[in-house]
Amino acid sequence: RLNYSHGKLLYCVLNKYLNRKTLKKSSKITILETGTARGFSSIIMSKVLIENKVNGQIITIDCIPHNQKILWNCIDDFQGPKTRAELLEKWTKELSNITFIQGWTRSTIKKIGLSRINFAFLDAQHTKEDVLEEFRFINDRQAKGDIIFFDDVTPNLFQGVCDAVNEIEKNYQYKIKRLFFSKDRSYAIAEKF
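Residues numbered from 1 in each chain as written. Predicted model: local features only at pLDDT ≥ 70, side-chain atom pairs only at ≥ 80, totals over all residues. Heavy atoms only, no water.

Visitor: So what's going on with the overall build of the protein chain? Which residues, and what values?
Guide: Per the secondary structure count, the protein chain includes seven helices and seven strands. The linear arrangement of helices and strands in the protein chain, starting from the amino end, is α-β-α-β-α-α-β-α-β-α-β-α-β-β. Taking 193 residues into account, the globule formula puts the C-alpha radius of gyration at 16 Å, and the protein chain, at 16 Å, falls close to it. For the protein chain, the C-alpha atoms occupy an extent of roughly 45 × 40 × 30 Å along the three principal directions. The buried share among the 193 residues of the protein chain stands at 49%. Considering only residue pairs separated by 6 or more positions, the protein chain has 69% of its internal contacts joining residues 24 or more positions apart. Put simply, the protein chain shows about 10,100 Å² of open surface, and 52% of that area lies on carbon and sulfur atoms. (Helix = DSSP H or I, 4+ residues; strand = E, 2+ residues; numbered from the N terminus. Rg over C-alpha atoms; globule rule 2.2 N^0.38 Å. Buried < 20%, exposed > 50% of the residue type's maximum accessible area, 1.4 Å probe, protein only. Contact = heavy atoms within 4.5 Å. Areas by Shrake-Rupley, 256 points an atom, 1.4 Å probe, with all protein chains shown as cover.)

Visitor: So, the state of the cysteines: which residues are in play, and what are the values?
Guide: The tally for this structure, following the rule as stated, stands at zero disulfides. Cysteine C74 is unpaired, with the sulfur of C63 as its nearest cysteine sulfur at 17 Å. The buried category is assigned to C74, whose relative accessible area is 14%. (Disulfide = S-S within 2.5 Å.)

Visitor: Tell me about the nonpolar core, and name the residues and values.
Guide: Grouped together as the largest cluster of nonpolar side chains are 27 residues, with contacts concentrated most on L14, L18, I31, M45, F119 and F149. Those elements giving two or more residues to this core turn out to be helix 1 (5-18), strand 1 (29-34), helix 2 (40-51), helix 3 (84-88), strand 4 (119-122), strand 5 (147-150) and strand 7 (185-192). In contact with F119, other than residues within four places in its own chain, are L10, V13, L14, Y17, T30, I31, L32, M45, Q142, I147 and F149. Of all hydrophobic cores here, the second largest spans 25 residues; its members include L32, A120, F137 and F150. (Core = buried A, V, L, I, M, F, W, Y, C linked by side-chain atoms within 4.5 Å.)

Visitor: Any details on the sheet that holds strand 3 (residues 98-102)? Residues and values, ideally.
Guide: If you walk across this open sheet you meet the seven strands as 3-2-1-4-5-7-6, and the pairing is mixed. Edge positions in the sheet fall to strand 3 and strand 6 (174-182), since each of these pairs with one other strand and no more. Going from strand to strand, the sheet's axes swing by 15 degrees on average, the running direction of each strand aside. Bridge count between strand 4 and strand 5: four bridges; the pairing is parallel. Looking at the pairing, L122 lines up with F150 of strand 5. (Pairing = 2+ DSSP bridges. Axes fitted to C-alpha atoms, helices over the stretch in contact; angles between N-to-C directions.)

Visitor: Would you mind going over the pattern of salt bridges in detail, with residue names and values included?
Guide: Using the criterion set out here, one finds twelve salt bridges in the structure. Note that R106 is salt-bridged to D130, the shortest N-O span being 2.6 Å. Taken together, the positions of R106 in helix 5 (residues 105-108) and D130 in helix 6 (residues 128-139) put the pair 24 residues apart, joining distant regions of the chain. D130 gets classed as buried once you look at its relative accessible area, which sits at 13%. Between E167 and K128 there is a salt bridge whose closest N-O contact spans 3.0 Å. A residue pair is termed long-range when its members are at least 10 positions apart, and E167 in helix 7 (residues 159-171) and K128 in helix 6 qualify at 39 residues. Since its relative accessible area comes to 23%, E167 is described here as partly exposed. For K128, a relative accessible area of 28% gives the class partly exposed. (Salt bridge = Lys/Arg side-chain N within 4 Å of Asp/Glu carboxyl O.)

Visitor: Just give me the short version of the side chain of S41, but keep the residues and values in it.
Guide: Examined against the element boundaries, S41 turns out to sit in helix 2. Judged by its relative accessible area of 6%, S41 falls in the buried class. Ignoring sequence-local partners within four residues, the contact set of S41 consists of H6, L10, E33 and F121.

Visitor: Could you give an account of the packing of aromatic side chains, naming the residues involved and the relevant values?
Guide: Using the criterion set out here, one finds six aromatic pairs in the structure. Taking the centre distance of 6.1 Å and the plane angle of 55 degrees together, the rings of Y17 and F119 count as tilted. Linking Y17 in helix 1 with F119 in strand 4, this pair joins segments that are 102 residues apart in sequence. The pair formed by Y17 and F119 is uniform in burial state, with each residue classed as buried. Site record: aromatic cluster; members linked through ring pairs are F121, F149, F181 and Y187. The aromatic ring of F137 is capped on one face by R141, whose charged end is 3.8 Å from the ring centroid. (Phe/Tyr/Trp six-rings, centres within 6.5 Å; stacked < 30°, edge-to-face > 60°. Lys NZ or Arg CZ within 6 Å of the ring centre and 35° of its normal.)

Structure, rendered in structure tokens:
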């Protein structure tokens, strides 16, 4: 079932991060997203960068190619299969900040050459091992105050994500805030300390 609550929350969390007094407005911000899907979250994050006049880039990774025609479980499906590029074509300004990479995150994140990740949105594979692999990569590239937003931290539905977040909370220097929106949708915001 379609649910856009994470878009509103993602907008607010990134906006708050960008407006911290400790963040220099001249800094270049790097955002990593895993699990691009339709590109909704990427567009939201790019909109926040633009509205705040922040120099930033969004790197987003998904196993689904950007230019493959498929059905996306959205209203556009009534017009037949489309590419992600076609779904997003009206968002030209927002697309200028986004780089789409096709691949499985486990192998792809090691090849993209990022030295700093200010903000991350994780929504790719939902096994504990995959989430922890993505997390470890990001953890090594974050500083105090940086954020990781975990999607689908929903007990009994995505237990692998929940178990990974619990392990991160126990063993790493992140303060975790869990947000339960419904029995089908919960999130966690992790801030490095």
